[in-house]
Amino acid sequence: MENFDWTSFTKKIAIKAKLGDIYNAWTTADGLEKWFLEKVSFLDENQKEVSKDKNISEGFTYQWFWYLYRDPMLGKITFANGKDQLQFTFEGTCLVDIKLSEENGYTLIELRHHNIPTDDNSKQYIRLGCSNGWHFYLTNLKSVYEGGLDLRNKDSNLNPMINN
């Protein structure tokens, strides 16, 4: 494991959907709630809540809530070009870059999670844990947009599983 990169990872997936639809899936509260989170709140630079169907912009902050978890994740949108790229903070000072492109009728998503600290807790919960999490949620994004099936566990009577 001496050559293992604990500071970043990249995930890629192809989705049979329009690039604009996938960009909206990442950049609107409505879009994120469809495949990723239970509840999303974006605040603009003046700390006013943004309409759920409005695309985010650089400088917006967020509160994200997952199903079955009470505590929100707080973060900031550090870049959004309105078309095919965005970046946001995640798990503190980590960064997530999303790049979209089109190829053969698919929208390709490249997710790069980086700037991960190298303490043991970050190695376990951010590098390894988030890698598994993004793997599932990108698969769920594909499932929702290609077939309409949301794979997330939303039942509070079931213990946390791989799908929440």
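Every value quoted in this text rests on a predicted model; they were computed, and no experiment measured them.

The rules behind the values
- Residues numbered from 1 in each chain as written.
- Predicted model: local features only at pLDDT ≥ 70, side-chain atom pairs only at ≥ 80, totals over all residues.
- Heavy atoms only, no water.
- Helix = DSSP H or I, 4+ residues; strand = E, 2+ residues; numbered from the N terminus.
- Buried < 20%, exposed > 50% of the residue type's maximum accessible area, 1.4 Å probe, protein only.
- Lys, Arg positive; Asp, Glu negative; His and termini not counted.
- Salt bridge = Lys/Arg side-chain N within 4 Å of Asp/Glu carboxyl O.
- Polar contact = N/O pair within 3.5 Å; in protein donor to acceptor, adjacent residues only side chain to side chain.
- Pairing = 2+ DSSP bridges.
- Axes fitted to C-alpha atoms, helices over the stretch in contact; angles between N-to-C directions.
- Contact = heavy atoms within 4.5 Å.
- Phe/Tyr/Trp six-rings, centres within 6.5 Å; stacked < 30°, edge-to-face > 60°.
- Lys NZ or Arg CZ within 6 Å of the ring centre and 35° of its normal.

Peer 1: If you had to explain the side chain of Lys11 to someone new, which residues and values would you point to?
Peer 2: Looking at the element boundaries, Lys11 is found in strand β1 (residues 9-15). Comment: no salt bridge for buried Lys11; closest opposite-charge side chain is Asp5, at 13 Å. At a separation of 3.0 Å, a polar atom in the side chain of Lys11 contacts the side chain of Ser131.

Peer 1: I'd like a rundown of the sheet that holds strand β3 (residues 61-65), residues and numbers included.
Peer 2: Paired through backbone hydrogen bonds, the strands of a sheet run either parallel or antiparallel to each other. Read from one edge of the open sheet, seven strands run β1-β7-β6-β5-β4-β3-β2, paired in antiparallel fashion. Unpaired on one side and paired on the other, β1 and β2 (39-43) mark the two borders of the sheet. Direction aside, the axes of adjacent strands within the sheet are offset by 25° on average. Here β3 runs beside strand β4 (residues 73-80); their pairing, made up of four bridges, is antiparallel. Across the sheet, Thr61 pairs through a bridge with Lys76, a residue of β4. Packed on one face of the sheet, helix α3 (residues 120-147) meets β1, β5 (85-90), β6 (94-103) and β7 (106-114) and runs near 10° to β1.

Peer 1: Kindly report on the packing of aromatic side chains, identifying the contributing residues and their values.
Peer 2: In the structure shown here, the tally under the stated rule is 18 aromatic pairs. Residues Trp64 and Phe88 carry aromatic rings whose centres are separated by 5.3 Å and whose planes lie at 70° to one another, so their mutual orientation is edge-to-face. Note that Trp64 is positioned in strand β3 and Phe88 in strand β5, a separation of 24 residues in sequence. Neither residue differs from the other here; Trp64 and Phe88 are each classed as buried. Between Phe88 and Phe90, the aromatic rings sit 6.1 Å apart at their centres with planes inclined by 65°, giving edge-to-face as the arrangement. We classify Phe88 as buried; its relative accessible area is 1%. Ring-pair connections join several aromatic residues into one group, and the members of that group are Trp26, Trp35, Phe36, Tyr62, Trp64, Trp66, Phe88, Phe90, Trp134, Phe136 and Tyr137. Seen from the ring of Tyr106, Lys16 lies directly overhead, with NZ or CZ sitting 4.7 Å from the centre. Looking at Lys34, its charged tip hangs above the ring of Tyr145, at a distance of 4.4 Å from the centre.

Peer 1: Lay out the pairing of β6 with the relevant residues and their values.
Peer 2: As paired strands, β5 and β6 are joined by six bridges and run antiparallel to one another. If you follow Thr89 over to β6, its bridge partner there is Leu95. Linking β5 back to β6 in an antiparallel pair, the connection comprises three residues, with Glu91 at a positive phi of about 55°. Of the strand pairs in this sheet, β6 and β7 are connected by nine bridges, and their pairing is antiparallel. Following the sheet pairing, Glu103 is matched in β7 by Tyr106. Joining the antiparallel neighbours β6 and β7 is a turn of two residues, in which Asn104 adopts a positive phi near 50°.

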